[in-house]
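This is what each chain is made of:
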Amino acid sequence: MLYNFLFPGHFRGKGVSFFILILRVFFGIMFFTHGLDKMMNFSELSETYPSVLGFGSYMTLMVTIFCEFCCSLFLIAGLLIRVMVLPMIVAMAVAFFDVHDGFLPEGELALIYMVVFIILYIVGPGRYSLDYLIDTRVNKEKSM
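Residues numbered from 1 in each chain as written. Predicted model: local features only at pLDDT ≥ 70, side-chain atom pairs only at ≥ 80, totals over all residues. Heavy atoms only, no water.

*Asks:* Can you explain the overall build of the chain? Please cite residues and give values.
*Replies:* What the chain contains, in helices and strands, is seven helices and zero strands. Starting at the N terminus and ending at the C terminus, the chain contains elements arranged as α-α-α-α-α-α-α. Once the C-alpha set of the chain is aligned to its principal axes, its extents read approximately 55 × 30 × 25 Å. Restricting to contacts in the chain with at least 6 residues of sequence separation, those with at least 24 account for 69%. Accessible surface for the chain amounts to roughly 8300 Å². Of this, 73% is attributable to carbon and sulfur atoms. Once the 9 positive and 11 negative side-chain charges of the chain are each reduced to a mean point, those two points are 24 Å apart. (Helix = DSSP H or I, 4+ residues; strand = E, 2+ residues; numbered from the N terminus. Contact = heavy atoms within 4.5 Å. Areas by Shrake-Rupley, 256 points an atom, 1.4 Å probe, with all protein chains shown as cover. Lys, Arg positive; Asp, Glu negative; His and termini not counted. Charge placed at Lys NZ, Arg CZ, Asp CG, Glu CD.)

*Asks:* With reference to specific residues and values, describe the packing of helix α5 (residues 81–99) against helix α6 (residues 108–123).
*Replies:* As a packed pair, α5 and α6 sit with axes 8 Å apart at the nearest point and diverge in direction by 155 degrees. In terms of axis orientation, α5 runs roughly antiparallel to α6. Handedness of the crossing formed by α5 with α6: left-handed. Between α5 and α6, the contacting residues are I81, R82, V85, L86, M88, I89, M92, A93, A95, F96 and F97 on the first element and A110, L111, Y113, M114, F117, I118, L120, Y121, I122 and V123 on the second. (Axes fitted to C-alpha atoms, helices over the stretch in contact; angles between N-to-C directions. Parallel < 35°, antiparallel > 145°, perpendicular 65-115°, else oblique. Left-handed = near helix turned anticlockwise from the far one by under 90°.)

Purely geometric stuff here, so don't read any function into it on its own.
Given below as structure tokens:
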């Protein structure tokens, strides 16, 4: 059951998978740049970054960098998509509902990212991903 969740068989047509690839790479790169910017300005941000859910500025910034920098790399590569977008969804939900109090247009970017990541969670990685390569290799070994 966990295997079918991580490596879904649907949404693997070439056209749909190409669209998912473009969506993953585009939003992954965009999200990655936010994390990279935070990493480059870590010392300045660690003192002024908003404290969320009582974690303190430093820890909130560390979790944000993990979500924006590390998880984006997995998203771009198409590796463990359904696991990696979960922290990204949570981070954007916190950004939209807590940091921006659910208001538009201040929280618009966080809301857009959250919706895209939810869509990617639902549809999975598509054919052009490392998850697909792992799935085909595992299924090939099973049939031998």
